[in-house]
Amino acid sequence: MCLDKLSPEECKELDPPGSQSSNVREIFWDPVSRVAGDLAFYVKVDLNARKVIEARSVAALFRGYEVILRGRDPRDAAMISSRACGVCGGVHSVTSVMAQEMAYGVTPPPLAVVMRNLAGAAEMMYDHPLHLFLLAGPDYSAAIVSKTNPTLYETAKKTPAEHRDIHGFSTIGDLMEALNPLSGKLYLEAIQITRIAREMFSLMLGRYPHPSTLVPGGVSTTLRPDLFTDYLVRLTKIYDWAKTVALIWEDLVNFFYKEVPEYENVGKASKINIICGGIYDDPELAESGDLYKYDKAKEWGERRMVTPGVIKDGQLETTSLIDANVGLEEFVTHSYYEEWEKQPKILEKDPLGNPLSVDHPWNKITIPKPGPLNWREKYTWDTAPRWNKLVVETGGGPLARHWLTAIANKIPSNPFIKAGGGRLKITVPKGATLPEMELEWKVPKVINALERNRARAYHIPYVIGVAMNFLLKAFEYLRAGKTKVWNKFEIPREGIGVGFYEAGRGWLSHHLIIKDYKIYNYQIITPSTINASPRDPLDQPGPYEEAALNTPIVEKFTTPEQFTGIDILRSIRSFDPCMPCTVHMFTGGRVITRDVTTCACSI
């Protein structure tokens, strides 16, 4: 099978006739993600051994925001970098503004921090339902499972759902029917929930996905008397739905484990190495003026409602944003970029005197160099971010956020979320039909596709707890007359900054250097840059590639033509791939049209 991205000559060179067993099949999916079409994935599968023997992750288009921003007014950065994604533009804007505030030496007022936190929580309430029921959910629907594993589907129809009294689905088969794309009850409900969450975001920052009232120094949102109660009214509509989502995925995940234990290895990470930027700042730190100062990053990072840090080999390595930042490196060995080692090194040390690698984002220079696809050399527009040479993943976002928070035990005391001992206890208030309920998420023994999705389901009630905390804080500030939402600043002639945050699918950082009042260097590391990364200089595969290589072929087929690769696709989609963050297109003035489908009706 010749790859459609290759010329016949290139294909022949890579894969000469007679070099393969008839039981080895190549597949080149393009696109893989259902949210955007810029991720392709190549695998070579031994169908007899039911094993993936080769995997390559391909970002198909060039992202040029680092080039576009060079030489511009720093204040343009939030508005322009927001366009790095049409799904999570809000988090890009916030992260950019944080980097600017560090460089400008300004701290937003406490109420502005609260409003950003509320917007961030709403963005997760939009993002996770979208993935659980429109993007990854169809992989576990009756439409897919009945074709790829008919025996499992027949068992599902006879298996009672443990939490049927709460979510209302009698059997696992009923749950799978509700996950069917376009017509399933859960698919259709999720669309309505995403609308509510978008409205909540827009109340705080003016517009979604690209905020119109987010500015360095705070926000410019008009403080109407009913602003926060409007947010609360919408939040209450999600209480009961969030409880059922956590328990729906609890039942689904446990069913797959029980009936086919091999699913524990689908999308499995070889080692538990994860990174998290943390999110939801403590507004009380804004009073002191320490928030977003680089030398105080460890302190304000550890006060976040989601703890940042790194876990290495399953053990907590650090919760310091300084450590997380200094260890970052980005490699382009297998990417369509030129190395920049011959360029003068921009920074030898960070502002605290910690040595920086030439491959650190503050030193990286984006030099695009298109070329032919070649698995041994260069094959993607994505880069390979690593932490102290270690391959890390973001757990698709929520898994890393929960894991760090549950074992670090550092979040501020609050009435809705308790963390510690490897557990999170989340209290969701009484809703229209269900009483107040405490949900518990526990650190799993492995990272795999099912656990990434389970954590995502529990993260919706988690962010409801976050939002409730900051709504109470907003009302407290209003009662005290603390209504200021913006502080004045000046752009320095030279400055350095970095914003640390979390997109829906994990770690997000924007690194900024200012010279002569202009942007001298700007670098963005997104979660999909990390997860979709290619092999690095040590020949270590990226997280998608490793997850695919570890995935057993569980699906049922009798001929090679019936093989679909659904287990490999489940492993990749569990990361919630959102490739607009990783790639963007430069057309040179030309117009490109492309037919796409968004219905998720096929494998």
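This structure is a prediction, so every number in the text was calculated from the model and none was measured.

K.L.:
So what about the packing of helix α5 (residues 110–135) against helix α17 (residues 449–479)? Which residues, and what values?
P.N.:
Between two packed helices, the angle of one axis relative to the other and the distance separating the axes together describe the packing. Two elements in contact, α5 and α17, have axes whose closest approach is 9 Å; the angle formed by their N-to-C orientations is 155°. Taken together, the axes of α5 and α17 lie roughly antiparallel to each other. Note on packing geometry: the crossing formed by α5 with α17 is left-handed. In the contact of α5 with α17, the residues fall into 20 nonpolar, 5 polar and 2 charged.

K.L.:
Give a detailed account of the environment of I193, specifying residues and quantitative values.
P.N.:
Considering the arrangement of structural elements, one finds I193 in helix α10 (residues 185–205). Note: C-alpha distance between I193 and E26 (167 residues apart in sequence) is 39 Å. The residues contacting I193, other than those within four sequence positions of it, are M125, P129, I238 and W241.

K.L.:
Residues and numbers for the sheet that holds strand β16 (residues 518–525), please.
P.N.:
Judged by pairing direction, the sheet is antiparallel, and its 3 strands sit side by side in the order β14-β15-β16 without closing on themselves. The outermost strands of the open sheet, each flanked by one partner alone, are β14 (494–503) and β16. In this sheet, adjacent strand axes meet at a mean angle of 10° when their direction is disregarded. For β14 and strand β15 (residues 506–515), the ladder comprises 10 bridges, and the chain directions are antiparallel.

K.L.:
Go over unusual backbone geometry with me, naming the residues and quoting the values.
P.N.:
With omega at 10°, the peptide bond leading from D30 into P31 counts as cis. Within the secondary structure, P31 sits in the loop between β1 (24–29) and β2 (39–46). Cis geometry marks the peptide bond from Y208 to P209, where omega comes out at 10°. Mapped onto the elements, P209 comes out in the loop between α10 and β4 (214–215). Despite not being glycine, R50 has its phi angle at roughly 55°, a positive value. Note that R50 resides in the loop between β2 and β3 (51–59).

K.L.:
Residue-level account of the packing of aromatic side chains, with values.
P.N.:
Under the defined criterion, the tally for this structure stands at 24 aromatic pairs. Ring centres of F62 and W381 lie 5.0 Å apart, and the angle between their planes is 45°; this geometry places the pair in the tilted category. On the criterion of sequence distance, the pair formed by F62 in the loop between β3 and α2 (65–69) and W381 in the loop between β9 (328–331) and β10 (384–387) is long-range, its members being 319 residues apart. Note on accessibility: F62 and W381 belong to one class, buried. Here a set of aromatic residues connected by ring pairs shows up, and it is made of F133, Y140, W241, W249, F255, F256 and Y263.

K.L.:
Which residues make up the side chain of D536, and what values do they have?
P.N.:
Here D536 is to be found in the loop between α18 (527–531) and α19 (543–549). At a separation of 2.7 Å, a polar atom in the side chain of D536 contacts the side chain of R386. For D536, the side chain forms a polar contact with the side chain of Q540, separated by 2.8 Å. If we skip the residues at most four places from it in the chain, D536 touches T333, H334, A384, R386 and V391.

K.L.:
Pulling in residues and values, what's your account of helix α11 (residues 227–236)?
P.N.:
Residues of α11 that are buried: L227, F228, Y231 and L235. Around the axis of α11, the buried residues are gathered within 90° of arc, so they sit on the same side. Against α5, α10, α12 (239–259) and α17 lie the buried residues of α11.

K.L.:
An account of the pattern of salt bridges is needed here, citing residue identities and associated values.
P.N.:
Close approach of charged atoms allows side chains with opposite charge to pair. For the coordinates displayed, the defined rule picks out 35 salt bridges. The shortest N-O distance in the salt bridge between E101 and R116 comes to 2.7 Å. Residue E101 is located in helix α4 (residues 89–104), and its partner R116 is located in helix α5; the two are separated by 15 residues in the primary sequence. Here E101 and R116 have matching classes, each one buried. With a closest N to O distance of 3.0 Å, R452 and E393 form a salt bridge.

Definitions and cut-offs
- Residues numbered from 1 in each chain as written.
- Predicted model: local features only at pLDDT ≥ 70, side-chain atom pairs only at ≥ 80, totals over all residues.
- Heavy atoms only, no water.
- Axes fitted to C-alpha atoms, helices over the stretch in contact; angles between N-to-C directions.
- Helix = DSSP H or I, 4+ residues; strand = E, 2+ residues; numbered from the N terminus.
- Parallel < 35°, antiparallel > 145°, perpendicular 65-115°, else oblique.
- Left-handed = near helix turned anticlockwise from the far one by under 90°.
- Nonpolar A, V, L, I, M, F, W, Y, C, P; charged D, E, K, R; others polar.
- Contact = heavy atoms within 4.5 Å.
- Pairing = 2+ DSSP bridges.
- Phe/Tyr/Trp six-rings, centres within 6.5 Å; stacked < 30°, edge-to-face > 60°.
- Buried < 20%, exposed > 50% of the residue type's maximum accessible area, 1.4 Å probe, protein only.
- Polar contact = N/O pair within 3.5 Å; in protein donor to acceptor, adjacent residues only side chain to side chain.
- Arc of directions from axis to C-beta.
- Salt bridge = Lys/Arg side-chain N within 4 Å of Asp/Glu carboxyl O.

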